[in-house]
Amino acid sequence: MRDTAAAARWYGRLGFTVRWEHRFGPDFPCYAELARGPVRLHLSEHEGDAPPDGLVYLRLAPLDAVAEEFGVPVQEMPWGPEVALRDPDGNRLRVGPPDPD
């Protein structure tokens, strides 16, 4: 992430909140954990932690509310409905409904 605070605000639109942040010192890159229920996302400003253009698949409810929040359609895929998003750093997200278990 170029700016963890900006990314955290964007992920906040999906219902995630910051659990903790760590920096090795002032002006060092930030590493943070976000949470939504039992789901955890780790965001890092450290170069080389992950390749760009990654893909994360999240199962979140309600899917229609996610689509409306981001102004994108719910797409019907062979495996079920999903929403396609890109975060502020260009990482790809696919959001589908929770498992029916």
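Above this note sits the structure.
Presented here is a report on the structure given in the accompanying data block.

Conventions adopted
Residues numbered from 1 in each chain as written. Predicted model: local features only at pLDDT ≥ 70, side-chain atom pairs only at ≥ 80, totals over all residues. Heavy atoms only, no water. 1 Å grid on protein atoms, 1.4 Å probe; cavity = no way out; pocket = protein on both sides within 12 Å on 5 of 7 lines; lining within 4 Å. Points joined across faces, edges and corners; volume = space filled by probe spheres on them. Helix = DSSP H or I, 4+ residues; strand = E, 2+ residues; numbered from the N terminus. Nonpolar A, V, L, I, M, F, W, Y, C, P; charged D, E, K, R; others polar. Phe/Tyr/Trp six-rings, centres within 6.5 Å; stacked < 30°, edge-to-face > 60°. Buried < 20%, exposed > 50% of the residue type's maximum accessible area, 1.4 Å probe, protein only. Salt bridge = Lys/Arg side-chain N within 4 Å of Asp/Glu carboxyl O.

Bringing the layout of surface pockets into the picture now. In this model, the largest pocket occupies a volume close to 520 Å³. Along its surface, the largest pocket is lined by 25 residues, and Met 1, Ser 44, Ala 50, Pro 51 and Asn 91 are the ones closest to its centre. In terms of residues, the lining of the largest pocket owes the most to one element, strand β3 (residues 39-44), which gives four residues. Among the residues forming the lining of the largest pocket, the class breakdown is 11 nonpolar, six polar and eight charged.

According to the stated counting rule, one finds four aromatic pairs in the structure shown. Residues Trp 10 and Tyr 11 carry aromatic rings whose centres are separated by 4.9 Å and whose planes lie at 80° to one another, so their mutual orientation is edge-to-face. Taken individually, Trp 10 and Tyr 11 each receive the classification buried, so the pair is uniform in this respect. Put simply, the rings of Trp 10, Tyr 11, Phe 16 and Phe 70 touch in pairs and so form one group of aromatic residues.

To continue, consider the pattern of salt bridges. It is possible for side chains bearing opposite charge to pair when their charged atoms get close. This structure, assessed with the given rule, holds seven salt bridges. Across the pair Arg 23 and Glu 45 runs a salt bridge whose closest N-O atoms are separated by 3.9 Å. Here Arg 23, found in the loop between β1 (17-22) and β2 (31-36), pairs with Glu 45, found in the loop between β3 and β4 (55-59); they are 22 residues apart in sequence, far enough to count as distant. Since its relative accessible area comes to 42%, Arg 23 is described here as partly exposed. When the shortest N-O distance is used, the salt bridge between Glu 82 and Arg 94 registers 3.7 Å. Of this pair, Glu 82 sits in strand β6 (residues 80-86) while Arg 94 sits in strand β7 (residues 92-96), placing them 12 residues apart in sequence.

Limitation: the analysis is restricted to geometry and does not speak to function.
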